[in-house]
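# Chain and residue survey
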Amino acid sequence: MVSSGQTAADAAAAFAALSTPAGRRVLTAAGSAPADPLKAATALRREAEEALAAAAADRAPDVAPADLAAAALTQARLRERARGKFGERAGRMFFTSPGLEQATRRSVTAYRAGRMAAALGPGARVADLGCGIGADAIGLAEAGLTVDAVEADPLTAAVAAANAEALGLSERMRVREGDAAAVRPEDYDAVFCDPARRTTRGRVFDPDAYSPSWDAVTDLAARAPASCVKAAPGIPHERIPAQAAAEWISVDGELKETALWQGLAEARPRRAAVLLRGDGSAPAVLAEDPGAPTAPVGPPARYLYEPDNAVVRAHLVAEAAARVEGALLDPDIAYITSDRLVATPFARAFEVHETMPFSLKRLRSALRAKDAGSVTIKKRGSAVDVDKLLRDLKPKGSESVVVVLTRVGDHPLCLLCSEVTALP
Ligand SMILES: C[S@@+](CC[C@H](N)C(=O)[O-])C[C@H]1O[C@@H](n2cnc3c(N)ncnc32)[C@H](O)[C@@H]1O
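Residues numbered from 1 in each chain as written. Predicted model: local features only at pLDDT ≥ 70, side-chain atom pairs only at ≥ 80, totals over all residues. Heavy atoms only, no water.

Let us look at the pattern of salt bridges. By the definition in use, this model includes 28 salt bridges. Here Arg-25 and Glu-50 are joined by a salt bridge, their closest N and O atoms 3.3 Å apart. With Arg-25 in helix 2 (residues 21-31) and Glu-50 in helix 3 (residues 37-54), this residue pair connects regions lying 25 residues apart in the sequence. For Arg-25, a relative accessible area of 34% gives the class partly exposed. The residue Arg-198 makes a salt bridge to Glu-101 at a minimum N-O spacing of 3.0 Å. Here Arg-198, found in strand 5 (residues 198-199), pairs with Glu-101, found in helix 5 (residues 97-102); they are 97 residues apart in sequence, far enough to count as distant. (Salt bridge = Lys/Arg side-chain N within 4 Å of Asp/Glu carboxyl O. Helix = DSSP H or I, 4+ residues; strand = E, 2+ residues; numbered from the N terminus. Buried < 20%, exposed > 50% of the residue type's maximum accessible area, 1.4 Å probe, protein only.)

And the structure:
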């Protein structure tokens, strides 16, 4: 939120001013500011000058009109962007741009917080170590837990506190600026931690580059009576503490995160795939079955199932295959084939119309024979460049076809399919 020429202290002062009567007036005006940035800045600056002039001398915040206008406009723009994660309540919340990017969407927060509250009981005390703008802390407080949230960045901490206030949660969610490492996890019933996976240079993938570092996070979690840690969906399995149960969570088919649980009273499988839907319907959970045999391998049958990425990352493809009485096309590739059409939330189903060894020439003539015009290419275990292939194919017909590229052993395979949307 720091604009060029503005110091972090100016940005913090401008943010604080937003909660004064003058600031609220400018923030309201920012909600209907013109789309053109220059016109919006001019209109809001005028509004800020008037609002500050109208404020009683002893109640006017010490902020330049231009800074107040910029802070209000930033919030209005961020609130718009935040709707996808927070729905209509985004219009009452406060953000920083990096804080919004890193914030957990409401459906995931509600799922995790619900599980924590069910295991810990109402009023249990949870420390949120590195709370960002507070999305997870809000979820925990709304689930009935008492949250002490700590955030190292002063402006972000102020934003999280403003969110607690704006959502009427200040009594159950306290926010303070501080270092997570200074918190004593032993003093709480549980800790929650979502370490930063971004630096000013962009996203980081190595857990050692998280902040706090992965070692620090796992140490804090292990010292707490119970914990939930949010990690990247691609975290290597070997970095998951041996005593933790891991859940890979997807929303509407998009893999979002790995949640690592320790010490909660509920019995948990070591690995699970949790599928959430944007419509708020109940989560679908596929859990590890340690006694389950490995999935059989078989030739392409009438249907092909593409498991959800949470299932794949959780290494639960065999469990998903068992649900559809299916086999794998190749033991190392996550495509399931079956003669049975079974409705399952854990995989998308495709009817297979034709199977052939992959070659551009054969595929082109097969697509021409099907009058294919709209071609969707899916691949697993294939090195083919999809964009180039689509350019080379230039389909011109009127039918929709899904082309699946994969391999069986060393043999590239191509399946022409259509997605089954009406399931029994
Ligand atoms: C991924 S964000 C948290 C997002 C949050 N769970 C939410 O949904 O809004 C991680 C936060 O941890 C903060 N952080 C990083 N290292 C920290 C530390 N040692 N102590 C306290 N906060 C820290 C960062 O400033 C960042 O805001």
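Taken as a whole, this structure holds 3 aromatic pairs when the rule is applied. Where Phe-15 meets Phe-94, the ring centres are 5.6 Å apart and the plane angle is 90°; that geometry is what we call edge-to-face. Of this pair, Phe-15 sits in helix 1 (residues 8-17) while Phe-94 sits in the loop between helix 4 (65-86) and helix 5, and the two are 79 residues apart along the sequence. Classification of Phe-15 by relative accessible area gives buried; the value is 5%. An angle of 35° between the planes, with centres 5.8 Å apart, marks the rings of Phe-86 and Phe-95 as tilted. Side by side, Phe-86 and Phe-95 carry an identical accessibility label, which is buried. Its end group placed over the ring of Tyr-335, Arg-380 keeps NZ or CZ at 5.5 Å from the ring centre. (Phe/Tyr/Trp six-rings, centres within 6.5 Å; stacked < 30°, edge-to-face > 60°. Lys NZ or Arg CZ within 6 Å of the ring centre and 35° of its normal.)

The next thing to look at is the sheet that holds strand 3 (residues 173-177). Within the open sheet, the 9 strands sit side by side as 3-2-1-4-7-9-8-10-11. Their pairing is mixed. Looking at which strands have only one partner, the edges of the open sheet turn out to be strand 3 and strand 11 (284-287). For this sheet the average axis-to-axis angle between neighbouring strands, irrespective of direction, equals 20°. Two strands pair when backbone bridges link them, and strand 2 (residues 146-151) and strand 3 are joined in this way by 5 bridges, in the parallel orientation. Note that in strand 3 the partner of Val-147 across the bridge is Met-173. Most of the contacts of helix 7 (residues 135-142) go to strand 2, to which it runs at about 170°, and overall it touches strand 1 (125-129), strand 2, strand 3 and strand 4 (190-193). (Pairing = 2+ DSSP bridges. Axes fitted to C-alpha atoms, helices over the stretch in contact; angles between N-to-C directions. Contact = heavy atoms within 4.5 Å.)

Position of Ala-369 among the secondary structure elements: in helix 12 (residues 360-369). The exposure class of Ala-369 is exposed, given its relative accessible area of 69%. Placed 28 residues apart in sequence, Ala-369 and Gly-397 show a C-alpha to C-alpha distance of 9.4 Å.

The full set close to the ligand counts 20 residues, and Asp-136, Glu-151, Ala-180, Asp-194 and Ser-211 are the nearest of them. At 3.1 Å, a backbone N or O of Ala-135 approaches an oxygen atom of the ligand. At 2.7 Å from a nitrogen atom of the ligand is found a side-chain nitrogen or oxygen belonging to Ser-211. Its free accessible area being 610 Å², the ligand has 90% of it covered by the protein chains. In the shell around the ligand, the residues fall into 9 nonpolar, 7 polar and 4 charged. (Near = heavy atom within 4 Å. Polar contact = N/O pair within 3.5 Å; in protein donor to acceptor, adjacent residues only side chain to side chain. Areas by Shrake-Rupley, 256 points an atom, 1.4 Å probe, with all protein chains shown as cover. Nonpolar A, V, L, I, M, F, W, Y, C, P; charged D, E, K, R; others polar.)

By size, the foremost hydrophobic cluster in this structure holds 69 residues, and its most contacted members are Leu-68, Phe-86, Phe-95, Met-116 and Leu-140. Among the elements that line this core, the one with the most residues is helix 4, at 9 residues. In terms of domain composition, this core takes at least three residues from each of domain 1 (8-82) and domain 2 (100-287). In contact with Met-116, other than residues within four places in its own chain, are Val-126, Leu-140, Leu-145, Ala-190, Val-191, Cys-228, Trp-261 and Leu-264. In this structure, Ala-231, Ala-244, Leu-260 and Leu-316 belong to the second largest nonpolar core, which totals 47 residues. (Core = buried A, V, L, I, M, F, W, Y, C linked by side-chain atoms within 4.5 Å. Domains from an automatic or database assignment.)

Our focus in this paragraph is the domain arrangement of the chain. Assigned domains within the chain: domain 1 (8-82), domain 2 (100-287) and domain 3 (303-419). One C-alpha centre belongs to domain 1, the other to domain 2; they are set 32 Å apart. On the side of domain 2, 6 residues touch domain 1, which itself brings 6 residues to the contact. Both faces combined, the contact of domain 1 with domain 2 buries some 440 Å², and carbon together with sulfur accounts for 85% of it. The largest share of the area that domain 1 buries against domain 2 comes from Phe-15, Arg-81 and Ala-82, three residues that together contribute 73% of it. Counting the contacts that link domain 1 with domain 2 gives 0 residue pairs in polar contact (both at pLDDT 80 or more). Among the elements of the structure, helix 1 and helix 4 are those that each provide at least two residues to the side of domain 1 that touches domain 2. Taken together, the residues of the side of domain 1 that touches domain 2 break down into 5 nonpolar, no polar and 1 charged. (Buried area = accessible area lost by both parts, 1.4 Å probe.)

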